[in-house]
Amino acid sequence: MQRNLIILLLLSVIITGIVSCSHDNKGMAVPNDASVAVLINTKTLTSKVSWQEIQQNEWFRNLYSRQNDSLGKQILDDPANSGIDITGDLAFFIKKEGRGGYMAFEGGVQNATAFEAFATKINKGGRVSKDGDVNILNTSHRSLVAWTNNRFIYIMDVPSPPIRPTDPIEGSSFTTDSLQKFAVELFDLPRKNNLLNDDRFVSLMKETGDIHYWVNAEQYYGSLSGYLSLISGLSVLFEGNAYGTAINFENGKIAFKSRAFYNTKLKEMLKQYAEGKVSETTINRIPSKNVVAVFAMKYPPAALKDLIKLAGVDGFVNGFLGREGSSIDEFVKANKGDVLLSVSDFEIKPQELTITDEDGNQQTIKQDDMPSANVLFATSVNDKPAFDKLINILQSRVQDFGPLASNVHFQLSNDWFAASNSPEQVNAFLKGGGTNQFPFASRISGHAFGGYINLQEVLKRVGPAFSDSNTKAALDASINMWQDIFMTSTGEKDDSYTGEAEINLVDKNTNSLKQLNKYLDAIQKIVHPINNQYNVRVPFSDPVTANLAALETVLHP
């Protein structure tokens, strides 16, 4: 029962809103050095999908039927019965602390008596203690909930795994004594240390969104410092940098607007170069009408050289290229800066794979229902003799890629280098003069970066490979839901570098959050009889991933 009620609390928090800085956030405390923070606009979300609509879902009815506790059913009937102010601000973040870290949910308390009853009920009558004006209730040896008359903080330990086997375990995790100290400090977090007052975060919040997501790259770098300490200059790629995204559920699409905030050194370097623009003509050279994905970029090669120097790895790169008779300068001279990657003619079909064993003997294996596609990579050439040197390096290293390289064909012209698993695509691309007029080309061209994924085509091509009725039903639901994805960079704005993306849905007239709610319910009805358990176990070596993995036992009882 305890886990089910924790699930209930988290569902109430996540679905009815975690936080919005577009309205009153007085008293909210998110440390400005949090590694990750997620903020959600309660009012806009609940206007797009109501609690009553959620109550109609199959998974919700199943959860409700399993509740044998009156308080649990009361909260499912109305999350406000938990005592939480579900119309106010709530927040979620992960913070590194020394060699360890912690995760926190926090928000408003509307009814302190009801909240205490809820907190003690899910912890089977645990004892409430006092730390000044703050109530403390231990929920385990490494988690607790703290609250006052108007705010609560649920905090839990998320220990970082040792980077090296010889690293000490001590100090990488916290007991409730330390967590209580962190929680009490959050109730009185100084304004200057609050993320909500960080100019960069304030800038992100100017973007309209139901959800705002924040990553502090500098804190992430601190987690990886054991790996990267040998390359001192690499810190310039992390220190002072942060990334945020505003996610908005609109009619017929889910829209993303991102911002990247760079340190002074990176900004000064980037300002030396004009932003490139992907050419629509380049995209239309793709020699296939059945394109399922395209990624294109226009970059200044000289900027890449400066970035390598700024990161302090120019000696290493020049040393490697020097052994092959080239250099970073040769690379800059060879390239014009246009890059294209496309995936086309995707289908599921039987294939024959040729495997070579250690003795050089070849064996052909037939496999049914294998994905097949033509993959094309192309980059523009500035100086053909200089590019020839790069080709020689590539050819000398082909054996390092083993069987993967045996089916790759590449060719160099005066203007382009192209490589593909299809020699016909290489020849057709280099020939140029393509007459294809892709409707998506105008959407992703004219920017330094553009991307497109045809979800509808991929789903339709996958369908014939499955005969199981449940899988077919899930695919049909997906085909009726998802259309395509567009991604572009959009230049500099408010001292940040911006980008946009959108996931387009088939139904253009209904709010995407309402559609997502119905879609997940439909998938749940199909999948539930097959698999109702969450049994995935993954070894986590990345600190942030490991922190998120700590949620697994809570989210999947």
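Whatever comes next refers back to the structure up there.
**Q** Could you give an account of the pattern of salt bridges, naming the residues involved and the relevant values?
**A** Pairing between side chains of opposite charge can happen when the charged atoms of each approach one another. Evaluated as defined, the whole model comprises 21 salt bridges. Residues Arg 61 and Glu 58 are paired through a salt bridge, measuring 3.2 Å at the closest nitrogen-oxygen approach. Taken together, the residues span about one helical turn, with Arg 61 and Glu 58 both in helix α4 (residues 58–66) at a distance of three residues. Judged by relative accessible area, which is 38%, Arg 61 ranks as partly exposed. A relative accessible area of 27% means that Glu 58 is categorised as partly exposed. Here Arg 461 makes a salt bridge to Glu 457, at a shortest N to O gap of 2.8 Å. In this pair, Arg 461 and Glu 457 are both assigned in helix α18 (residues 455–462), four residues apart and thus about one turn of the helix distant. Salt bridges sharing partners connect three or more residues here, namely Glu 207, Arg 259, Lys 493 and Asp 494.

**Q** Explain the nonpolar core residue by residue, including any values.
**A** Phe 115 and Trp 482 are the most contacted members of the largest nonpolar core, which totals 50 residues. Of the residues forming this core, the biggest block, five residues, is contributed by helix α20 (residues 512–527). In this view, Trp 482 contacts Leu 455, Gln 456, Leu 459, Ile 503, Asn 504, Leu 505, Val 506, Leu 516 and Tyr 519; residues no more than four positions away in its chain are not counted. Within the second largest apolar cluster, 30 residues are counted, among which are Ala 29, Leu 39, Ile 136 and Phe 187.

**Q** Hey, could you go over unusual backbone geometry for me, with residue numbers and the actual values?
**A** A positive phi angle is found at Asp 494, which is not glycine, with a value near 50°. Here Asp 494 shows up in the loop between β17 (482–493) and β18 (496–505). Note on Asp 494: relative accessible area 42%, which makes it partly exposed. The phi dihedral of Asp 495 falls on the positive side, at around 65°, and the residue is not glycine. In this fold, Asp 495 is placed in the loop between β17 and β18. Note on Asp 495: relative accessible area 43%, which makes it partly exposed.

**Q** Outline the packing of aromatic side chains, listing residues and values.
**A** If you walk through the whole model with that rule in mind, you get 20 aromatic pairs. Relative to Trp 214, the ring of Phe 201 lies with its centre 5.5 Å away and its plane at 80°, an arrangement referred to as edge-to-face. A residue pair is termed long-range when its members are at least 10 positions apart, and Phe 201 in helix α8 (residues 199–204) and Trp 214 in strand β8 (residues 211–216) qualify at 13 residues. Under the relative-accessibility criterion, Phe 201 is labelled buried at 1%. For Trp 214, a relative accessible area of 1% puts it in the buried group. When the ring of Tyr 452 is compared with that of Phe 486, the centres are 5.1 Å apart and the planes differ by 45°; the resulting orientation is tilted. Of this pair, Tyr 452 sits in strand β16 (residues 449–453) while Phe 486 sits in strand β17; the two residues are 34 residues apart in sequence, bridging distant segments of the chain. Here Tyr 452 falls in the buried class, since its relative accessible area comes to 7%. Following the ring pairs from residue to residue traces out a cluster consisting of Phe 93, Tyr 102, Phe 174 and Phe 182. Above the ring of Phe 429, the side-chain terminus of Arg 285 is found at 4.7 Å from the ring centroid. Over the face of the ring belonging to Phe 486 we find Arg 443, whose NZ or CZ atom lies 3.9 Å from the ring centre.

What counts as what
Residues numbered from 1 in each chain as written. Predicted model: local features only at pLDDT ≥ 70, side-chain atom pairs only at ≥ 80, totals over all residues. Heavy atoms only, no water. Salt bridge = Lys/Arg side-chain N within 4 Å of Asp/Glu carboxyl O. Helix = DSSP H or I, 4+ residues; strand = E, 2+ residues; numbered from the N terminus. Buried < 20%, exposed > 50% of the residue type's maximum accessible area, 1.4 Å probe, protein only. Core = buried A, V, L, I, M, F, W, Y, C linked by side-chain atoms within 4.5 Å. Contact = heavy atoms within 4.5 Å. Phe/Tyr/Trp six-rings, centres within 6.5 Å; stacked < 30°, edge-to-face > 60°. Lys NZ or Arg CZ within 6 Å of the ring centre and 35° of its normal.

The analysis is restricted to geometry; functional conclusions fall outside its scope.
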